[in-house]
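Overview (structure and organization)
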Amino acid sequence: MMEQKARVIGQDSPDWVLVEVEMQSACNHCDNSDNCGTGSVAKAFSAKLQQFAVPADRRYEVGDLLKLGLPESVVLKSAALVYLLPLFGLLSGGLLGQVIGGQLGLDANALAMAGGLTGGFVCWWLGKRQARSLEAQAQPIILSYLGKQVTGQGA
């Protein structure tokens, strides 16, 4: 289960709560982040906030912190669809173009490149579309209540 901290920003209905999650990159989590060029670029850009509703079994107040969970299988399936499927399309399209070019006496290398690009693009598009529908069906759940958000105001 992948976990992420979220802040409550509103109550959508008695059974749903609106939360805001700060999206973080993998940078700034290793010991070399100060000396890494990628880490420097990541620090230059502000963190992105994503807002969505999650099912709630009780009422929460604005500012409450929650721990949300999402099954890792959803992320792994989406990554496989977006990365591995286009690679398969590239290789199979290139092989098909090579075979067809050899059979017809045409330039097999040119047909292999065209087939690889076409297969890679088609499979990338299909994978991206399928990954979106898979992620739309995945619903984060509230794992625990973390308490109120601490602010720097007051004394």
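As the structure is a prediction and not an experimental result, all values here were calculated from the model. Each chain has its residues counted from 1, following the order in which its sequence is written. Thresholds applied to this predicted model are a pLDDT of at least 70 for local features of residues and 80 or more for the giving and counting of side-chain atom pairs; totals over whole chains, interfaces and linings are not thresholded and use all residues. Where side-chain values are given, they derive from all heavy atoms of the structure, hydrogens and water being excluded.

1. Details of the side chain of E20
Formally: Helical segments are the DSSP runs of H or I of at least four residues, strand segments are the runs of E of at least two, and each set is numbered from the N terminus. Exposed residues in this analysis have more than 50% of their type's maximum accessible area, buried residues have under 20%, and partly exposed residues fall in between, with area computed by a 1.4 Å probe over protein chains only. Polar contacts, as counted here, are pairs of nitrogen or oxygen atoms within 3.5 Å of one another; within protein the pair requires one atom able to donate a hydrogen and one able to accept it, and residues that are adjacent in sequence qualify only if both atoms are side-chain atoms. Contacts are assigned to residue pairs with any non-hydrogen atoms lying within 4.5 Å of each other.
Along the chain, E20 turns up in strand β2 (residues 16-23). Accessibility expressed as a relative area gives 13% for E20, which makes it buried. At 2.4 Å, the side chain of E20 and the side chain of R7 are in polar contact. Apart from residues lying up to four places away in sequence, E20 is in contact with A6, R7, I9, L49, Q50 and Q51.

2. Side note on the UniProt feature "transmembrane region" (unreviewed entry) in the protein chain
Just so we agree on the cut-off: UniProt positions are given in the numbering used here, feature names are shortened, and annotations may be inferred rather than shown by experiment.
Following the UniProt record, the feature "transmembrane region" (unreviewed entry) maps to residues 74-96 and 108-127 here. Strand forms 0% of residues 108-127 and helix 100%; the C-alpha atoms that close the span are 27 Å apart.

3. Notes on the nonpolar core
The cut-off we apply is this: Take the buried residues of types Ala, Val, Leu, Ile, Met, Phe, Trp, Tyr and Cys, join any two whose side-chain atoms come within 4.5 Å, and each joined set is a nonpolar core.
Formed by A6, V8, V17, V19, V21, V54, A56, Y60, L66, L68 and I142, the largest nonpolar core amounts to 11 residues. Elements represented by at least two residues in this core include exactly β1 (2-13), β2 and β4 (64-70). The element best represented in this core is β2, accounting for 3 residues.

4. Some words on the side chain of D64
Tracing the chain through its elements places D64 in strand β4. For D64, a relative accessible area of 4% translates into the label buried. Among the polar contacts listed, one links the side chain of D64 to the backbone nitrogen of E61, at a separation of 2.8 Å. Once you skip the residues sitting within four places of it in the chain, D64 turns out to touch A6, R7, V8, Y145, G147 and K148.

5. Observations regarding the packing of aromatic side chains
The cut-off we apply is this: Each Phe, Tyr or Trp ring, with Trp reduced to its six-membered ring, pairs with another whose centre is within 6.5 Å; inter-plane angles below 30 degrees give stacked pairs, above 60 give edge-to-face pairs, and intermediate values give tilted ones.
Within the structure shown, the criterion is met by 1 aromatic pair. Geometrically, the ring pair formed by F121 and W124 is tilted, given 5.7 Å between the ring centres and 35° between the ring planes. One end of the pair, F121, and the other, W124, are both in helix α3 (residues 108-137), 3 residues apart, so they sit about a helical turn from each other.

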